[in-house]
Amino acid sequence: MTSAAHGPCPAVGEDEAGGLLTIDLAALVANWRALAARVGSAETAAVVKADAYGIGIEQAVSALYGAGCRTFFVAHPVEGRRVRAAAPDAVIYVLNGLLPGTAAAYRAHDLRPVLGSLEEIEEWAAFCRAGAGRLPAALHVDTGMNRLGLRVEAAVQLAENTELLGAFTPSLVMSHLVSAEEPDDPINARQIAAFSHVRERFAGVLASLANSSGIFLPQAPHFDLVRPGYALYGGNPTPERANPMRPVVQLEARVIQLRWTPDGETVGYNGHWTAQGRRRIATLSVGYADGYLRTASGTNLKAGGEAVVAGVRCPFAGRISMDLITLDVSAVPEGAIQRGDKVTLIGNGLTIDEVGKRAGTIGYEILTSLGRRYHRRYLPATV
Ligand SMILES: *Cc1c(COP(=O)(O)O)cnc(C)c1O
C-alpha cells in the first residue's frame, strides 16, 4: 500500500523484512493537537518535507488533514505534488523556493514558493504578470541564519515596492530561528525583534517564525502561524527538559543468530570490540543500509547504540555492517531470547533523541534516514 511512496521496492511484507517499523498516526495527530492547543489562536501548520521526516508523506498528511491541519510545508516541488494529491484543498508552501524556470511547475499543482531573494521575487512577479494572475507566495526574511531569505534591510525596502508586491499575492512573511532549542541563546531575542520589525511593514500578511522548539521559547513567538516538524514526529522540542510529545516511531529488528563468543575474540569488521569474558552475541537483521547510522558502532572504549531485548538494554558490539548489527546480550537470561525474536532499536524508552546522540548526531537525522527495506505498519489516526 505504500510502495510508490517509498521508492522503487514493492511494499515490504513482514515475513520478507529484517526490520519492522511501526508508525503511530494517532500519536502524530495527538502531537499536532497538543501544539495547536499551546499556540492558541495562531494557526498550526505541519512541516512534512523529506517524506514527513521519514514516516511517509501521504500517511502523515492524510492523518493531519483529518485532524484539521490545512497548511503544509515541504522542501521541494515534488514533495508538494505528493501533499497536493493527499490534501486537494490545503495550502502548500515549498521552502526551498523558486529555481529559474520552475514557476509553471508550481502553478500546475497550486504550490506556493517561499521566495528567498529579490531574483526569485522578480521571477514570480514576472510569471504572474505574464498571465498567471496574482498567485500567492511567501516571503522569506533572513534574521540570522545567513542561508535563505532577504536580509532585513532588503525586506524593509521591498515593503515599499508596491509595484513589485502588487504583481503577486504575498500570503506569508516568515523567518527561521537559528538556535530555538537553546532558549538561553541571545540570538533568539534578536531574531524575534528583527522579525517583528519586518512583519510590521507587511500589513495584512500572515507572519510565521517558530519551528517546533520556537513554539516553546519563553517569548512564545507564535505570530500568526507556527511551523513544527520534529515535535510532530515525537522529537523533543525542549532538549533540556522532559519530552512533552508522544513517540510516533517504533523500530524493531529480528534476531537472526545467537552465538557465544570466547573471551578475547573480536566481533565484526576490523575487530573493534573484544569480548571480555565469554559473551553472548545476537546478530540483528538491520544495518547501515537501512539507515541505522554506522557511527553508532560500539567499541570497548566508546559505547555506541543500544537495543532493548526482553526488557533489558543491550549494547552494540563492534561495527555496524551494511545489513547486520551485533549486540551483546549477555545480560539477558539465556532462555529469554531466541532466534527470530524481535528486539527494539527505537521505542521502549529508546527515544529518537537518544538514538541520535548515540550515533553522534540528532534525532532528525535518525528519522530522515529510516530505511526503505523495513516492513511498515501504520497504526490508524482514529480507532
Ligand atoms: C524544517 C523547517 C521547519 C521545521 O523545523 P522543526 O525543527 O523540525 O520543527 C520549520 N521551518 C523551516 C524553514 C524549516 O526548514
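What you are looking at is a predicted structure, and each value in this text was computed from that prediction instead of being measured. (Residues numbered from 1 in each chain as written. Predicted model: local features only at pLDDT ≥ 70, side-chain atom pairs only at ≥ 80, totals over all residues. Heavy atoms only, no water.)

### Some remarks on the overall build of the protein chain
Worth spelling out the cut-off: Each helix is a run of H or I in the DSSP string that is no shorter than four residues. Each strand is a run of E no shorter than two, and both are numbered from the N terminus. We compute the radius of gyration over the C-alpha atoms and compare it with the globule rule, which gives 2.2 Å times the number of residues raised to the power 0.38. Pairs of residues are marked as contacts when any of their non-hydrogen atoms sit within 4.5 Å. Shrake-Rupley sampling with a 1.4 Å probe provides the accessible areas, and residues are treated as covered by the protein chains on show and by no other component.
Regarding its fold elements, the protein chain presents 12 helices and 18 strands. Here the protein chain has a C-alpha radius of gyration of 23 Å; the compact-globule value for 383 residues is 21 Å, and the two agree. Principal-axis analysis of the C-alpha atoms places the extent of the protein chain at approximately 80 × 45 × 40 Å. Within the protein chain, contacts between residues separated by at least 24 positions form 66% of all contacts whose residues are at least 6 apart in sequence. As presented, the protein chain carries roughly 16700 Å² of accessible surface, and 52% of it is formed by carbon and sulfur atoms.

### Some remarks on the site of the ligand
As a reminder, the rule being used: Note on definitions. A residue lies near a molecule or strand when any single heavy atom of the residue is within 4 Å of it. Definition of a polar contact: a pair of N or O atoms within 3.5 Å, with one able to donate and the other able to accept a hydrogen when the atoms are protein atoms, and with sequence-neighbouring residues admitted only if both atoms are side-chain atoms. Following the grouping adopted for this structure description, the nonpolar residues are Ala, Val, Leu, Ile, Met, Phe, Trp, Tyr, Cys and Pro, the charged ones are Asp, Glu, Lys and Arg, and the polar ones are all others, Gly among them.
Taken together, 13 residues form the shell around the ligand, and within it Lys 49, Tyr 53, Ser 212, Tyr 230 and Tyr 364 come nearest. Between an oxygen atom of the ligand and a side-chain N or O atom of Lys 49, the distance comes to 2.7 Å. In this structure, Asn 211 approaches the ligand through a side-chain N or O atom, which is 3.0 Å from an oxygen atom. Coverage of the ligand by the protein chains reaches 92% of its 390 Å² of free accessible surface. Of the residues that constitute the shell around the ligand, the class distribution is seven nonpolar, four polar and two charged.

### Points about the nonpolar core
Convention followed: Note on terminology: a nonpolar core comprises buried Ala, Val, Leu, Ile, Met, Phe, Trp, Tyr and Cys residues joined through side-chain atoms within 4.5 Å. Think of it in three bands: residues with accessible area under 20% of the maximum for their type are buried, residues over 50% are exposed, and the middle band is partly exposed, with areas taken using a 1.4 Å probe on protein chains only. What marks off one domain from the next here is an automatic or database domain assignment.
Counting residues in each nonpolar core, the largest one holds 119 residues, and the members touching the most others are Leu 28, Val 48, Phe 72, Trp 124 and Phe 168. Mapped onto the domain boundaries, this core takes at least three residues apiece from domain 1 (41-233) and domain 2 (249-379). If we ignore the near neighbours within four places in the chain, the residues touching Phe 168 are Leu 115, Ile 121, Trp 124, Ala 125, Cys 128, Arg 134, Leu 135, Ala 137 and Leu 139. Counting residues in hydrophobic clusters, the runner-up holds five residues, among them Trp 273, Ala 275, Ile 281 and Ala 317.

### Digging into a negative patch on the surface
Here is the rule we go by: Patches in this entry comprise residues that are over 30% relatively accessible and not in a salt bridge; like charges within 9 Å are linked, as are nonpolar side chains (Val, Leu, Ile, Met, Phe, Trp, Tyr) within 5 Å. Salt bridges, as used here, are contacts in which a Lys or Arg side-chain nitrogen is within 4 Å of a carboxyl oxygen on Asp or Glu. The charge count treats Lys and Arg as positive and Asp and Glu as negative. His and the chain ends do not count. A single reference atom marks each charge: NZ on Lys, CZ on Arg, CG on Asp, CD on Glu.
There is a patch of like negative charges on the surface, built from Glu 181, Glu 182, Asp 184 and Glu 240. By relative accessible area, Asp 184 is classed as exposed at 76%.

### A few points about the domain arrangement of the protein chain
The line we're drawing: Two parts placed together each lose some accessible area; with a 1.4 Å probe, that loss summed over both constitutes the buried area.
We note that the domain assignment places domain 1 (41-233) and domain 2 (249-379) within the protein chain. Between the C-alpha centres of domain 1 and domain 2 the distance comes to 39 Å. Contact residues are listed per partner, giving nine residues for domain 1 and 11 residues for domain 2. Contact between domain 1 and domain 2 buries roughly 930 Å² in total, counting both sides, with carbon and sulfur atoms accounting for 59%. It is Tyr 53, Ile 55 and Tyr 230 that lose the most area in domain 1 upon contact with domain 2, and together they represent 56% of the buried surface on that side. Linking domain 1 to domain 2 there are zero salt bridges. Here domain 1 is connected to domain 2 by four residue pairs in polar contact (both at pLDDT 80 or more). With three residues, the top contributor of residues to the side of domain 1 that touches domain 2 is helix H2 (residues 49-53).

### Focus on the packing of helix H1 (residues 25-38) against helix H3 (residues 57-67)
Rules: Every angle, taken between N-to-C directions, lies between 0 and 180 degrees, and every axis is a line fitted to C-alpha atoms, over only the stretch in contact when it is a helix. An angle below 35 degrees is treated as roughly parallel, one above 145 as roughly antiparallel, one from 65 to 115 as roughly perpendicular, and anything else as oblique. Should the near helix be turned anticlockwise from the far one by less than a right angle, the crossing is termed left-handed; should it be turned clockwise, right-handed.
Running from N to C, H1 and H3 point in directions that differ by 50 degrees, and their axes come no closer than 9 Å. Taken as axis vectors, H1 and H3 run oblique relative to one another. Crossing geometry of H1 relative to H3 is assigned as right-handed. Where H1 abuts H3, its residues Leu 25, Leu 28, Val 29, Trp 32 and Arg 33 lie against Gln 59, Ala 60, Ala 63, Leu 64 and Ala 67. Looking at the contact of H1 with H3, its residues break down into eight nonpolar, one polar and one charged.

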